[in-house]
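The lines below spell out each chain.
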Amino acid sequence: MNLPKLALRNTFRNRARALLTIGGVAVLVVAFVFLRTVVSAYRSTVNNSRSDRLVTRNRVSLALPLPLADFEKIKAVPGATTVTYSNWFGGTYIDSRHFFARFAVDPDTYFQVFKDVVVTPEALAAFKADRTGSLVGEGLVEKYGFKVGDVIHLKGDIYPGDWAFTVRGTFKGSNSFQNSSMFMQWRAIDKSLPDTQRGTVSQYTTLVKDADHSPEVGKAIDALFASSANETLTESEEAFTLGFLMGSAAIITALDVVSVVLLVIMLLILGNTMAMAVRERTGELAVLRTIGFKPNKLLALALAEGLWISLIGGILGAIVARPVIGGFLKYSGGFVTGASANAWTLPAVLIALAVGLLAAAIPGFRASSVNIVNALRRAE
Amino acid sequence: MIPISYSIRSLARRRLTSVMTIAGLSLVVFVFAAMLMLSRGVHDAMAKSGSPQNAMILREGATSEAVSSVSRDQFRLLQASPEVAATSQGTPLIGGEMVVISNLPRIDGGPDTPGANVGVRGISPVSLEIRDTVKVVKGCLPRPGTLEVMLGSAVEGRYKGSRLGESLSFARREWPVVGVFSANGSAFESEIWGDEQSVADAYNRQAFTDVVLRLKDRVGLSVLSGRLAADPSLSTLKAWREDLFFDAQSETLRSFIVGLGTFVTVIFAIAAALGATVTMYSQVSNRLREIGTLRAIGYRRLAVLRVFLREAIMLSVLSGVIGVACASLLSLANFSVLNSQSFTQITFHFHFGPDVALVALAFSVLMGLLGGFVPALSAARLLIVNAVRAR
């Protein structure tokens, strides 16, 4: 019998304890994968933000608009290739628990600037042709089952009133935030405003020729409006997104802390089980030593046992994690959308293995340094 | 009864196992207590912002104060409402307010660090009488007609210039900080308060964002709502009970924090119960002979069951006390997040109280009992012959 096989036999000698420990590891792996998935979803939004896109908004406050007249001026800035504008629509779908981003966009330029948003030419044409049409991200399709022809009813706040938008197509974005966004036509919402408030946008997005020159282009845009009534603040999309996520930094830190705590608890449970296993077998270990097993072998035996438990528990947890997390995210109130647990299952199993190895280390050294005479005497 | 010293010695003899179990359980209790404290803090911040005696009037459909608007004409009509309470001098307790979002640089941020969105509330002279939880704790009130501002206690020291005697710069103006106020842990503490007229000028706004008023009595709200709906010049407005409005403001954030908290707690509870079971099983299997001996000298099955449950409870109480003690230190920390409904930064406190301690302790004991019950039962059911023969 080889060593891994012997370790596996040892693992299941106390079946109740082995199963309980494996169950504990599995549950903790599920929780760990879940937390990492949530954090990755947050971070992916930043990682997929680009530095060759500039976001221009009102310097005073996010809630204040900019005049549409700025559009032509920004287009003329050297280094800018394409410019588009969009408005934060806000609004409520069903109730405030069903939160997702809604933007009123200019369909002619938006997808030239956001080249990472993939939309079929047919869908785009249908969207352009319908003033009350909309495009929805894949994540929303997954969550709400929207399909072409469906009418989405929204209650407006920034743009008061009851709104109905017909889905004209879907799109695939490059991050979870984009994938859970909805677009409608800027013209449609602008028309709803009283004459005095028309012709305003919340932000301009500029695609620059060369990402290395983004800061200069940004400065040139801000210089254009420096002494106007509506001063602008231009930053890279990366910095802009980061600004939003920094608001949630406390949540991310808390999730990071809790993930580490999970691993510590896993370490304690596994360590406890291994300590018991080695203590019970003190006499037997002494016998193994007398028949010629080297201390290293006994250490390896204990480590292998720790690995077996964490491997079985880890794989079990990884298998359960996908459906459980998928189900949870569906009802999470839309804070995290478009996240998938798949990316974290393999790392979680590997981490569980490392924890198992670590947990078996101290009991393993105890096993390898067992005092033969004393141990045999105690074993009668 | 088997003497209690027997249990203490048993736990002390298997020190490593006992310590690991206590460490694991107390971590679980710590996280559980932290979740309780945070959700209490969120509740404090939102529900305590408002009073059931006050009403807020916003534009119909507005989900936050910043996107609402109430015109000055509408305000004048509202001022004459009979439902509005008055001071002893006869001034009606109703004021228009101007809530805007300003972008402030963080105190620890460099020139390229993105700023934070902070709510700025322009208040009317009667606002403080209506919102009586607000107390100036340092400095004084901003004078009407000036750019002076006072800071909520959660804002103090968080952004550049956010200290008494310094000045904040936003909306192309310098705002001297003359005071710091507390508001019972509510979301107001995350705001900056200044004169309504100055804020309106700085942001080039005419209309108020919302109107706050003190009701004469609680039925006043439904009467007021009825009149808003009936009057064509007021029908675009909606009246809310102030506490319910602020509660609704945090719904998304709260359901996220509470949902996540529940998930983490459930997982930890399962892990803790499993860990306790493993420990107690080993306590039983290591002491088969002892159990046999106890039974042989006349102790009943129930006494054996009790002794193991007692040990489980001792472990869990000890863990509970350690976990709660560590969690209580968290009340010194706070937790600042962006509320996606109002787009402003809100700071929550971890709220510690005797009830949190009791619930967390009860949770700990429950975990101990859950984990200890099956092993204790199996110990009690052992046959004496088998038990004394065991090695």
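None of these values were measured; they are calculated from a predicted model. (Residues numbered from 1 in each chain as written. Chains lettered and ligands numbered in written order. Predicted model: local features only at pLDDT ≥ 70, side-chain atom pairs only at ≥ 80, totals over all residues.)

**Digging into the overall build of chain A**
- Counting secondary structure elements, chain A contains 15 helices and eleven strands.
- The C-alpha atoms of chain A give 29 Å as radius of gyration, which overshoots the globular expectation for 380 residues (21 Å, by more than 25%).
- Considered along the principal axes of its C-alpha atoms, chain A spans approximately 100 × 45 × 30 Å.
- Out of the 380 residues in chain A, the part that is buried amounts to 47%.
- Pairs at least 24 residues apart make up 83% of the contacts formed inside chain A by residues separated by at least 6 positions. (Helix = DSSP H or I, 4+ residues; strand = E, 2+ residues; numbered from the N terminus. Rg over C-alpha atoms; globule rule 2.2 N^0.38 Å. Buried ≥ 20, exposed ≤ 12 C-beta atoms within 10 Å, placed from the backbone. Contact = placed C-beta atoms within 7 Å.)

**Focus on the overall build of chain B**
- Looking only at helices and strands, one finds twelve helices and twelve strands in chain B.
- For 391 residues, the compact-globule estimate of 2.2 N^0.38 gives 21 Å, and chain B exceeds it by more than 25% at 29 Å.
- Viewed in the frame of its principal axes, chain B has a C-alpha envelope of about 95 × 50 × 35 Å.
- By residue count, 52% of the 391 residues in chain B fall in the buried class.
- Contacts in chain B between residues far apart in sequence, at least 24 positions, make up 83% of those at least 6 positions apart.

**Notes on the nonpolar core**
- Within the largest apolar cluster, 216 residues are counted, with the highest numbers of intra-cluster contacts made by Val29(A), Val33(A), Val28(B), Ala33(B) and Ala271(B).
- Setting aside chain neighbours within four positions, we find Ala271(B) in contact with Gly24(A), Val27(A), Leu28(A), Ile265(A), Ile269(A) and Val28(B). (Core = buried A, V, L, I, M, F, W, Y, C linked by C-beta atoms within 7 Å.)

**A word on the packing of helix 11 (residues 249-280) of chain A against helix 14 (residues 342-368) of chain A**
Residues and elements named next belong to chain A.
- Two elements in contact, helix 11 and helix 14, have axes separated by 8 Å at closest approach and are oriented at 35 degrees. Along this stretch, helix 11 crosses helix 14, giving a crossing that reads as right-handed. Only Ile351, Ala352, Val355, Gly356, Leu358, Ala359, Ala360, Ile362, Pro363, Arg366 and Ala367 of helix 14 make contact with helix 11, whose side of the interface consists of Leu263, Met266, Leu267, Leu270, Gly271, Met274, Ala275 and Val278.
- Its residues placed into classes, the contact of helix 11 with helix 14 shows 16 nonpolar, two polar and one charged. (Axes fitted to C-alpha atoms, helices over the stretch in contact; angles between N-to-C directions. Left-handed = near helix turned anticlockwise from the far one by under 90°. Nonpolar A, V, L, I, M, F, W, Y, C, P; charged D, E, K, R; others polar.)

**Concerning the sheet that holds strand 4 (residues 101-105) of chain A**
Residue and element names in this part refer to chain A.
- With mixed pairing, nine strands are arranged side by side in an open sheet as 6-7-5-8-4-3-10-1-11. In the strand order of this sheet, the two ends are held by strand 6 (151-156) and strand 11 (232-236), each with one partner. Recorded for the sheet is a direction-independent mean angle of 35 degrees between the axes of neighbouring strands.
- One ladder, built from five bridges, connects strand 4 with strand 8 (residues 181-185); its direction is parallel. Opposite Arg102, over in strand 8, you have Met182 as the bridge partner.
- The sheet contacts of helix 9 (residues 214-224) involve strand 1 (53-58), strand 3 (80-88), strand 10 (203-208) and strand 11, and relative to strand 11 the element is tilted by about 170 degrees. (Pairing = 2+ DSSP bridges.)

**As for the packing of helix 2 (residues 15-47) of chain A against helix 11 of chain A**
Residues and elements named next belong to chain A.
- Interhelical geometry of helix 2 versus helix 11 gives an angle of 165 degrees and a closest axis separation of 10 Å. Here helix 2 is positioned roughly antiparallel relative to helix 11, judged by the angle of their axes. Helix 11 is crossed by helix 2, and the crossing has left-handed handedness. Residues Arg17, Thr21, Gly24, Val25, Leu28, Ala31, Phe32, Leu35, Arg36, Val38, Val39 and Tyr42 of helix 2 touch helix 11, and the partners they reach there are Ile252, Leu255, Asp256, Val258, Ser259, Leu262, Leu263, Ile265, Met266, Ile269, Leu270 and Thr273.
- In terms of residue class, the contact of helix 2 with helix 11 is built from 17 nonpolar, four polar and three charged. (Parallel < 35°, antiparallel > 145°, perpendicular 65-115°, else oblique.)

**Observations concerning the pairing of strand 1 (residues 54-59) of chain B**
Residue and element names in this part refer to chain B.
- Within strand 1, six of the six residues are buried, which leaves the element mostly enclosed by the surrounding structure.
- Inspection of the sheet shows strand 1 paired to strand 9 (residues 210-214) by four bridges, in the antiparallel sense. In the sheet register, Ala55 faces strand 9, and the bridge partner there is Leu213.
- When strand 1 meets strand 10 (residues 237-241), the two strands line up antiparallel, connected through five bridges.

**A word on the pairing of strand 7 (residues 161-171) of chain A**
Residue and element names in this part refer to chain A.
- Two strands pair when backbone bridges link them, and strand 5 (residues 133-137) and strand 7 are joined in this way by five bridges, in the parallel orientation. If you follow Gly133 over to strand 7, its bridge partner there is Thr166.
- Pairing of strand 6 with strand 7, which is carried by six bridges, proceeds in the antiparallel orientation. What sits directly across from Leu154, in strand 7, is Trp163.
- The antiparallel pairing of strand 6 with strand 7 creates a hairpin that spans four residues between the two strands.

**With respect to the domain arrangement of chain B**
All names here are of chain B.
- Domain assignment breaks chain B into domain 1 (4-47 + 251-389) and domain 2 (54-217).
- Each of domain 1 and domain 2 was reduced to a C-alpha centroid, and the two centroids are 45 Å apart.
- Among the elements of the structure, helix 2 (15-47), strand 11 (334-339) and strand 12 (344-349) are those that each provide at least two residues to the side of domain 1 that touches domain 2.
- Element by element, the count of residues in the side of domain 1 that touches domain 2 is highest for strand 12, at five residues.
- The class makeup of the residues in the side of domain 1 that touches domain 2 is five nonpolar, seven polar and one charged. (Domains from an automatic or database assignment.)

**As for unusual backbone geometry**
Residues and elements named next belong to chain B.
- The backbone of Arg172 shows a phi angle near 60 degrees, a positive value even though the residue is not glycine.
- Looking at the element boundaries, Arg172 is found in the loop between strand 6 (167-170) and strand 7 (173-182).
- With a phi close to 55 degrees, Asn204 is a non-glycine residue in the positive phi region.
- Mapped onto the elements of the fold, Asn204 is located in the loop between helix 5 (196-202) and strand 9.

**With respect to the interface of chain B and chain A**
- Counting residues at the interface gives 52 residues for chain B, matched by 49 residues for chain A.
- If you list the elements that add at least two residues to the side of chain B that touches chain A, you get helix 2, strand 2 (94-104), strand 3 (116-123), helix 8 (251-286) and strand 11 of chain B.
- Across the side of chain B that touches chain A, the residue classes tally to 28 nonpolar, 20 polar and four charged.

**A short note on the environment of Arg131(A)**
Residue and element names in this part refer to chain A.
- In this fold, Arg131 is placed in the loop between helix 5 (121-129) and strand 5.
- Remark: the alpha-carbon pair of Arg131 and Met184, spanning 53 residues in sequence, is separated by 8.2 Å.
- When residues no more than four places from it in sequence are discounted, the contact partners of Arg131 are Gln185, Arg187 and Ala188.

**Quick word on the confidence of the model for chain B**
- This prediction gives chain B a mean pLDDT of 88; 99% of its residues lie at or above 70.
- Confidence metrics for the complex model read pTM 0.76 and ipTM 0.74. (pLDDT = per-residue confidence, 0-100.)

**Thoughts on helix 14 of chain A**
- Between its first and last C-alpha atoms helix 14 of chain A spans 39 Å; for 27 residues at 1.5 Å apiece the expected length is 39 Å, and the two agree.
- Considering bend angle alone, the principal kink of helix 14 of chain A is centred on Ala361(A) and spans about 40 degrees; proline Pro363(A) follows within four residues of it. (Expected span 1.5 Å × (residues − 1). Bend = angle between axes of the 7 residues up to and from the residue.)

**Some remarks on the environment of Gly24(B)**
- Positionally, Gly24(B) belongs in helix 2.
- With 247 residues separating them in the primary sequence, Gly24(B) and Ala271(B) have C-alpha atoms 9.1 Å apart.
- Excluding residues that lie within four positions of it along the chain, Gly24(B) makes contacts with Ile265(A), Leu268(A), Ile269(A), Ala272(B) and Gly275(B).

**Looking at the environment of Val388(B)**
Residue and element names in this part refer to chain B.
- Considering the arrangement of structural elements, one finds Val388 in helix 12 (residues 384-389).
- Spatially, the C-alpha atom of Val388 lies 6.9 Å from that of Leu288, the residues being 100 residues apart in sequence.
- Those residues in contact with Val388, other than ones at most four positions away along the chain, are Arg289, Gly292, Thr293 and Ala296.

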